[in-house]
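In case you want the letters, here they are:
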Amino acid sequence: MDESKAKQPLLGEMLHLRGNSLQKGEPVALPLTQSSMFHLPGSPEGFPNYGRVNNPTWEHLEHVLGHLEGAPCLAFPSGMAAISAALFATVRAGQRILIPSDGYYVTRLLAERFLANLGVTVEQRPTVTFEEGGFDRFDIVFVESPSNPGLDMIDLRAVAQEVRATGGITIADNTTLTPLGQRPLDLGIDMVVASDTKAMGGHSDLLMGHVASRNPDLMAAVEEWRKVSGAIPGPHEAWLLHRGLETLDVRFERMCNSAGVLAARLVEHPAVQEIRYPGLPGDPSHELAKAQTLKFGFLLSITLDSEERAERFINSCPLIRPATSLGGVHSSAERRARWGDDVDPGFVRLSVGCEPVEELWQAIETSLDGLT
Ligand SMILES: *Cc1c(COP(=O)(O)O)cnc(C)c1O
């Protein structure tokens, strides 16, 4: 892929962000500051003051996230807390927002159940036809590309330009590709939101999220929302996420490469009726993925010929955890129809983990062969 189309963060520099400002004798690893109070005689200006407002552990995490995103970042206790902050800090009563009908379903619930009650008009469009009908009636356009779980993509640069031209704001959920796989801010998107519960943390032991933007007014609003709503990350989760980010590069590279290898082999397997992976030539997302992503991702989907076979595959493969969520070091899979996603009952979303690829392929192939 054309790596020149986006400015990649320097990952060596990221690993030494803290080290290069240390005094002699200070710990190299990030200390976990678990405190609500800070010693604060006299003027509080310029010092941590209270645990809902600031915490040195999340501030360092945000420094590293900011390095990855190439933009100021604010950390949140989950992906949904980040998405809620981005929406509640920007949208006003009487405004119109557009969201994908096939993206992460809790974002739809948030809009339908809560924003609509506050006098916000919520419209939905499928990702594949998202650009049809234009954007001039919308104040906020929320996109998810690739969509989870369908893996459809949209032209982020084109959408960002069109929405900006009519005075609207774009927000992109970049969870599945991470800033190492896709850089929506460089494509003109105003705000990125992400669940760091997934590949960013990577070990399935925390929930976190973040908001990134180069627009200082938007970030000030999001920061105020966090302080006032109290949707703040716990210091321990921030510390765990920081530790996960130190290996994001190696994990993500392994996961994406393995997904590419598995996708190419799954295409040939007789039990697989359909497969979606943006890296496969011929996949409906392939051309857009080549043009705007740096990696094809670690998610793929296969459709087996029945719900029963899909369940048997997921539950019998010793190197696949039957679990919801994605992006962890352990490969995992689930039938998304069990949550009501509009997909075939035999549709399996597979999140490829860090297992050595040949060992993983053998386990998958054996389980698929055993279905007949
Ligand atoms: C998981 C996920 C979210 C929500 O994140 P949480 O950390 O579970 O709150 C949002 N968007 C996408 C694409 C996700 O996969």
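Computed from a prediction, not measured in an experiment: that's the story for all the values here.

Secondary structure summary: the chain contains 12 helices and 12 strands in total. The C-alpha atoms of the chain give a radius of gyration of 21 Å, which matches the 21 Å a tight globule of 372 residues would have. Dimensions of the chain, computed from the C-alpha atoms along their principal axes, are close to 75 × 55 × 40 Å. Sorting the 372 residues of the chain into buried and exposed places 52% on the buried side. Look at the contacts in the chain between residues 6 or more apart in sequence, and 69% of them connect residues 24 or more apart. For the chain, the exposed surface amounts to about 16,200 Å²; the carbon and sulfur share of it is 53%. Here the chain contributes 32 positive and 48 negative side-chain charges, whose respective centroids are spaced 3 Å apart.

Here the focus is helix 11 (residues 307-316). Buried within helix 11 are the following residues: Ala-310, Phe-313 and Ile-314. Across the axial projection of helix 11, the buried residues extend over an arc of 95°, all falling on one side. In the core, the buried residues of helix 11 are packed alongside strand 9 (299-303), strand 10 (321-322), strand 11 (332-335), strand 12 (347-351) and helix 12 (357-369).

Residues Glu-131, Glu-132, Asp-136 and Glu-162 make up a contiguous surface patch of negative charge. Along the chain, Glu-162 turns up in helix 5 (residues 156-165). For Glu-162, a relative accessible area of 34% corresponds to the partly exposed category.

Moving on, we come to the nonpolar core. Ranked by size, the top nonpolar core spans 30 residues in total, and within it Leu-61 and Leu-245 carry the most contacts. Those elements that provide at least two residues to this core are helix 2 (56-69), strand 1 (73-76), helix 8 (235-245) and helix 9 (248-266). Per element, the largest residue contribution to this core is five residues, and it comes from helix 2. Composition of this core by domain shows at least three residues from each of domain 1 (38-245) and domain 2 (249-369). If we skip the residues at most four places from it in the chain, Leu-61 touches Ala-75, Met-208, Ala-238, Leu-241, His-242 and Leu-245. In this structure, Ala-271, Ile-314, Leu-360 and Trp-361 belong to the second largest nonpolar core, which totals 27 residues.

Moving on to the site of the ligand. Taken together, 13 residues form the shell around the ligand, and within it Gly-79, Asp-173, Ser-195, Thr-197 and Lys-198 come nearest. Within the side chain of Ser-195, one N or O atom sits 2.8 Å away from an oxygen atom of the ligand. Between the ligand and Thr-197, the relevant distance is 2.6 Å, taken from an oxygen atom to a side-chain nitrogen or oxygen of the residue. Here the ligand loses 93% of its free accessible area of 380 Å² to cover by the protein chains.

In this section: the packing of helix 3 (residues 79-88) against helix 4 (residues 105-115). Relative to each other, helix 3 and helix 4 sit at 45°, their axes nearing to 11 Å. One finds that helix 3 runs oblique with respect to helix 4. Considering only the axes of helix 3 and helix 4, their crossing is right-handed. In this structure, helix 3 contributes Met-80, Ile-83, Ser-84, Leu-87 and Phe-88 to the contact, and helix 4 contributes Val-106, Thr-107, Leu-110, Phe-114 and Leu-115. Across the contact of helix 3 with helix 4, the residue classes break down as eight nonpolar, two polar and no charged.

With that settled, the discussion passes to the domain arrangement of the chain. On domain assignment, one finds that the chain holds domain 1 (38-245) and domain 2 (249-369). In this structure, domain 1 and domain 2 have C-alpha centres spaced 26 Å apart. Taken together, the 30 residues of domain 1 in the interface contact 31 residues of domain 2. Interface of domain 1 and domain 2: buried area, both sides summed, is about 2,300 Å²; carbon and sulfur atoms make up 60% of it. Viewed at the interface, domain 2 and domain 1 are joined by one salt bridge. The partner of Arg-276 in a salt bridge is Asp-152, with the nearest N and O atoms 3.0 Å apart.

For strand 5 (residues 169-173), the buried fraction is high: four of the five residues fall into the buried class. Bridge analysis of strand 4 (residues 140-144) against strand 5 gives five bridges, and the strand direction is parallel. Residue pairing in the sheet places Val-141 in a bridge with Thr-170 of strand 5. Assessed by its sense of winding, the connection that carries the chain from strand 4 through helix 5 to strand 5 is right-handed. Pairing between strand 5 and strand 6 (residues 191-195): three bridges, direction parallel. Looking at the pairing, Ile-171 lines up with Met-191 of strand 6.

A side chain with one charge can pair with a side chain of the opposite charge if their charged atoms come near. Scanning all chains against the criterion turns up 19 salt bridges. Among the salt bridges present, the one from Arg-338 reaches Glu-334, with a minimum N-O distance of 2.8 Å. Arg-338 gets classed as partly exposed once you look at its relative accessible area, which sits at 43%. Since its relative accessible area comes to 1%, Glu-334 is described here as buried. Members of the salt-bridge network, linked through shared partners, are Glu-334, Arg-336, Arg-338, Asp-341 and Arg-349.

Each value, and the rule that gives it
Residues numbered from 1 in each chain as written. Predicted model: local features only at pLDDT ≥ 70, side-chain atom pairs only at ≥ 80, totals over all residues. Heavy atoms only, no water. Helix = DSSP H or I, 4+ residues; strand = E, 2+ residues; numbered from the N terminus. Rg over C-alpha atoms; globule rule 2.2 N^0.38 Å. Buried < 20%, exposed > 50% of the residue type's maximum accessible area, 1.4 Å probe, protein only. Contact = heavy atoms within 4.5 Å. Areas by Shrake-Rupley, 256 points an atom, 1.4 Å probe, with all protein chains shown as cover. Lys, Arg positive; Asp, Glu negative; His and termini not counted. Charge placed at Lys NZ, Arg CZ, Asp CG, Glu CD. Arc of directions from axis to C-beta. Patch = residues over 30% accessible without salt bridge, like charges linked within 9 Å, V, L, I, M, F, W, Y side chains within 5 Å. Salt bridge = Lys/Arg side-chain N within 4 Å of Asp/Glu carboxyl O. Core = buried A, V, L, I, M, F, W, Y, C linked by side-chain atoms within 4.5 Å. Domains from an automatic or database assignment. Near = heavy atom within 4 Å. Polar contact = N/O pair within 3.5 Å; in protein donor to acceptor, adjacent residues only side chain to side chain. Axes fitted to C-alpha atoms, helices over the stretch in contact; angles between N-to-C directions. Parallel < 35°, antiparallel > 145°, perpendicular 65-115°, else oblique. Left-handed = near helix turned anticlockwise from the far one by under 90°. Nonpolar A, V, L, I, M, F, W, Y, C, P; charged D, E, K, R; others polar. Buried area = accessible area lost by both parts, 1.4 Å probe. Pairing = 2+ DSSP bridges. Right-handed = clockwise from strand over helix to strand, strands pointing away.

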